[in-house]
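Each chain, written out:
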There are 4 protein chains.
Amino acid sequence: MSMDQETLTSKAEARTQAQRVRILAAARACFVKSGFHAASMATIAETAGMSPGLIYRYFENKNAIILAIIERQLEVARDRIGQMHASENLASGIARSFGERERCAENSMSGALFLEMSAEATRDPQIAAALRRFGATVHSEVASWLSRDRKDGGYGLPDDVAKARALIFVCLIEGLKVREAREPTLDKALLEKALSEAVAALVSPPK
Amino acid sequence: MSMDQETLTSKAEARTQAQRVRILAAARACFVKSGFHAASMATIAETAGMSPGLIYRYFENKNAIILAIIERQLEVARDRIGQMHASENLASGIARSFGERERCAENSMSGALFLEMSAEATRDPQIAAALRRFGATVHSEVASWLSRDRKDGGYGLPDDVAKARALIFVCLIEGLKVREAREPTLDKALLEKALSEAVAALVSPPK
Amino acid sequence: MSMDQETLTSKAEARTQAQRVRILAAARACFVKSGFHAASMATIAETAGMSPGLIYRYFENKNAIILAIIERQLEVARDRIGQMHASENLASGIARSFGERERCAENSMSGALFLEMSAEATRDPQIAAALRRFGATVHSEVASWLSRDRKDGGYGLPDDVAKARALIFVCLIEGLKVREAREPTLDKALLEKALSEAVAALVSPPK
Amino acid sequence: MSMDQETLTSKAEARTQAQRVRILAAARACFVKSGFHAASMATIAETAGMSPGLIYRYFENKNAIILAIIERQLEVARDRIGQMHASENLASGIARSFGERERCAENSMSGALFLEMSAEATRDPQIAAALRRFGATVHSEVASWLSRDRKDGGYGLPDDVAKARALIFVCLIEGLKVREAREPTLDKALLEKALSEAVAALVSPPK
DNA sequence: CATGAATGAGGATTCATTCAT
DNA sequence: GATGAATGAATCCTCATTCAT
């Protein structure tokens with residue numbers, strides 16, 4: 001009744017993957033609450049419902065966890081920005097997502113986490129590289145979306161204009177993230193008004 | 001050859017002030033390099049060329065140093081933003097200040113420090129309050145500048161538009177700060193081009 | 001060969017208890033030798049044969065250790081005083097216990113520790129409260145013993161006289177404790193003679 | 001107009017003495033409030049209205065101050081006990097002095113200080129010796145007072161009885177001191193009642 | 001696999017003592 | 001004499017990491 005080797009292996013791998021996910025979820029929660037440094041391995045372990053020692057079977061050390069979280073958060077963020085293109089009303093979409101309470105799962109990029117990551121990037125070259133990769137991807141994606149033909153859902157801007165506006169767009173979004181972390185109570189109506197005008201300007205044809 | 005009491009007192013005060021400045025400069029350097037938490041008092045003391053114990057004669061504890069640095073950085077930032085209004089060409093001014101090398105002195109707002117501060121603000125209410133105060137001041141300053149009459153060096157925008165645009169402006173600047181910390185090598189020409197268009201849009205009369 | 005859950009739990013609890021005892025014994029020894037403040041956690045850890053960090057798994061901080069020791073010493077003292085009632089010859093019992101060498105174990109109330117505790121009580125309200133509780137218990141116990149009927153092993157004194165004499169009795173005992181700490185070489189014969197007369201007077205019917 | 005050498009010297013000595021007194025008074029106050037260890041030299045200096053450095057011109061180190069204070073306190077206590085003999089009503093005199101608030105000056109032996117001293121004596125042989133000397137003096141003084149002829153203000157007890165009762169007396173007083181430190185709110189009426197009976201018994205002719 | 005007890009290197013902070021002025 | 005800035009060792013405590021079970 002024993003399973004063949006391959007099945008066993010894949011079962012084991014699945015479990016390994018599940019454990020890693022469990023740890024990362026716990027770590028994310030702790031990091032959001034206390035920051036990378038203040039969150040202790042003991043707390044993360046407790047949050048994950050396992051022993052501190054076990055974590056080291058799945059991650060070499062705390063830094064590896066931080067890195068893995070960052071990697072995953074960047075994927076999530078990338079996806080989210082991808083979805084924006086499709087959304088009917090970009091400005092209100094962004095505005096609405098502002099200050100969304102962490103829904104516990106990892107499908108939302110926490111402003112606090114984003115700050116923590118960025119701050120850490122100024123010291124850790126690996127993190128810096130990851131963020132740079134992320135930034136480049138997002139920027140070119142937004143740029144391509146602005147330059148794409150109108151009939152393909154784009155805005156038909158010349159390439160150079162698209163690139164410049166994409167930069168503004170990306171900085172604006174990141175600035176909002178920072179603000180969100182700091183001032184989650186910001187007036188949403190004002191924000192939406194401001195954003196809709198800004199977005200309109202960003203996608204309008206150049207003079 | 002003895003000095004009168006007043007002279008002595010002011011000498012002592014001058015020394016005290018000088019020491020505080022020395023400590024803050026060292027702390028700033030350490031914080032930029034390692035972050036608020038990873039920078040140890042021992043390292044700060046060494047950087048300042050003094051013993052760890054001496055620091056506590058001038059600051060109650062590490063947190064007080066962090067707070068003092070933040071307060072000072074926000075002043076600097078406030079001043080800088082104030083100067084922007086006066087500058088001939090806003091966009092290129094901002095672009096030029098981007099990525100300026102930390103001149104070690106405290107007259108430039110380090111992007112890294114800004115991130116560190118913002119991240120810390122999500123945990124420390126005192127820091128959060130300081131940042132909020134700062135944010136409010138800057139926002140209203142920018143708004144008043146946008147709404148002021150053209151003949152007074154403003155842009156004559158209606159109050160509500162000015163408020164909304166000021167928000168965008170401030171977020172954009174902060175987003176740039178974040179980017180600066182992460183990617184100081186960003187293409188300056190592109191940045192200037194992007195900013196000049198964005199700034200032009202922000203100060204243009206509403207439709 | 002694996003143990004069931006219950007066995008495991010009780011084993012763990014037993015170990016925890018054993019470690020606490022080990023720490024308390026070491027701490028007691030250190031406190032007797034150097035006092036609460038001068039005894040360092042490092043020394044206690046070394047005495048207990050463990051690392052400093054480990055102590056904090058079993059006690060929240062140094063103060064908790066001090067408190068635990070005090071609590072335990074007071075229990076011991078309470079028991080001892082309880083036993084006195086039963087003893088054939090009270091005076092010689094007290095005299096004999098005077099200056100007993102610390103048997104390292106916790107079954108003897110060290111005079112030094114008693115002093116340390118009392119001195120600390122003038123500053124730490126928690127310790128003061130514990131000592132006050134202790135004092136009240138002992139006082140009322142002695143009083144009830146003096147007032148109880150002769151046929152129940154008491155001395156049949158009126159309540160108010162019993163209360164007053166109990167106070168004297170308790171102060172006398174405590175005074176002896178102090179003397180013991182300071183002058184363990186006191187002439188035992190003299191002490192016994194003095195005590196037997198004093199005890200006789202304390203239990204004699206009032207005029 | 002200059003004073004001769006001798007006058008100068010004695011003037012200097014007087015000043016030295018005055019400074020020492022000032023320091024000791026300050027130290028006493030600090031020790032009563034915080035204990036020997038917790039009272040810092042800085043606080044003592046501040047209380048004495050001088051700089052920390054200056055203290056070291058008059059005392060070799062903190063320990064020397066402690067020792068000097070103890071020496072002085074013991075003198076005071078010796079005097080006080082001497083005065084007791086003369087007092088009309090011994091019991092009420094003791095009772096009344098119980099819990100007297102430190103009158104700031106050094107003419108009252110603080111219970112807290114007494115405890116601190118006794119605790120310290122278990123470690124520091126010099127302090128132990130001082131206390132032992134003190135104890136012996138007081139004991140023999142009390143004994144001689146009990147054995148002295150009635151017409152000389154004594155109680156005419158035989159020498160050996162006087163010695164034994166003096167021991168009880170001294171322990172009782174010390175026990176009261178301890179209690180005072182711990183429980184300054186003790187019922188005075190009860191105390192006086194208890195003491196008057198006890199004192200009466202101690203001075204009564206032996207059976 | 002899993003546990004969690006154990007380690008020990010730091011970290012912030014205090015304070016007796018010294019010494020240049 | 002007097003100051004008080006400066007030192008640096010020592011203290012309590014935390015936490016990433018290891019390893020026997």
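Residues numbered from 1 in each chain as written. Chains lettered and ligands numbered in written order. Predicted model: local features only at pLDDT ≥ 70, side-chain atom pairs only at ≥ 80, totals over all residues. Heavy atoms only, no water.

Caption draft 1: Fine view of the relation of the copies chain C and chain D. Overlay of chain C on chain D (RMSD 0.6 Å): rotation 178°, translation along the axis 0.0 Å. With respect to symmetry, the two chain copies, as superposed, fit the operation of a two-fold axis. Among all residues of chain C, the one whose C-alpha sits closest to the rotation axis is Gly175(C), at a distance of 2.0 Å. Take the interface residues of chain C: 98% of them recur as interface residues in chain D, which is what a same-surface contact looks like. (Least-squares fit on C-alpha atoms with pLDDT ≥ 70 in both. Contact = heavy atoms within 4.5 Å.)

Caption draft 2: How the structure looks around the pattern of salt bridges. In the structure shown here, the tally under the stated rule is 40 salt bridges over all chains. In this structure, Glu197(B) engages Arg165(A) in a salt bridge whose closest nitrogen and oxygen atoms are separated by 2.6 Å. Linking Glu197(B) in helix α9 (residues 188–203) with Arg165(A) in helix α8 (residues 159–182), this pair reaches from one chain into another. Judged by its relative accessible area of 29%, Glu197(B) falls in the partly exposed class. Glu174(D) serves as the salt-bridge partner of Arg179(C), at 3.5 Å between the closest nitrogen and oxygen. (Salt bridge = Lys/Arg side-chain N within 4 Å of Asp/Glu carboxyl O. Helix = DSSP H or I, 4+ residues; strand = E, 2+ residues; numbered from the N terminus. Buried < 20%, exposed > 50% of the residue type's maximum accessible area, 1.4 Å probe, protein only.)

Caption draft 3: Inspection of the interface of chain B and chain A at higher detail. Taken together, the contacts link 42 residues of chain B with 41 residues of chain A. When residues of chain B are sorted by the area they lose upon contact with chain A, Leu167(B), Arg179(B) and Arg182(B) head the list and together hold 17% of the total. Taken together, the links from chain B to chain A amount to 10 salt bridges. One salt bridge in this structure joins Arg182(B) and Glu174(A), with 2.7 Å as the shortest N-O distance. Our count for the contact surface shared by chain B and chain A stands at nine residue pairs in polar contact (both at pLDDT 80 or more). (Buried area = accessible area lost by both parts, 1.4 Å probe. Polar contact = N/O pair within 3.5 Å; in protein donor to acceptor, adjacent residues only side chain to side chain.)

Caption draft 4: Fine view of the protein's contact with DNA strand F. In the vicinity of DNA strand F, 31 residues are found, and the nearest of them are Arg15(B), Arg57(B), Arg15(D), Arg57(D) and Tyr58(D). Among all atoms of DNA strand F positioned within 4 Å of the protein, those belonging to sugar or phosphate total 67%. Tyr56(A) is positioned such that a nitrogen or oxygen atom in its side chain is 3.0 Å from a phosphate oxygen of DNA strand F. Take Gln19(D): an N or O atom from its side chain is 3.2 Å from a phosphate oxygen of DNA strand F. Residue assignment for the surface near DNA strand F shows that the elements contributing at least two residues are α3 (52–58) of chain A, α1 (5–38) and α3 (52–58) of chain B, α3 (52–58) of chain C together with α1 (5–38) and α3 (52–58) of chain D. Take the surface near DNA strand F: its biggest share by element is five residues, from α3(D). (Near = heavy atom within 4 Å.)

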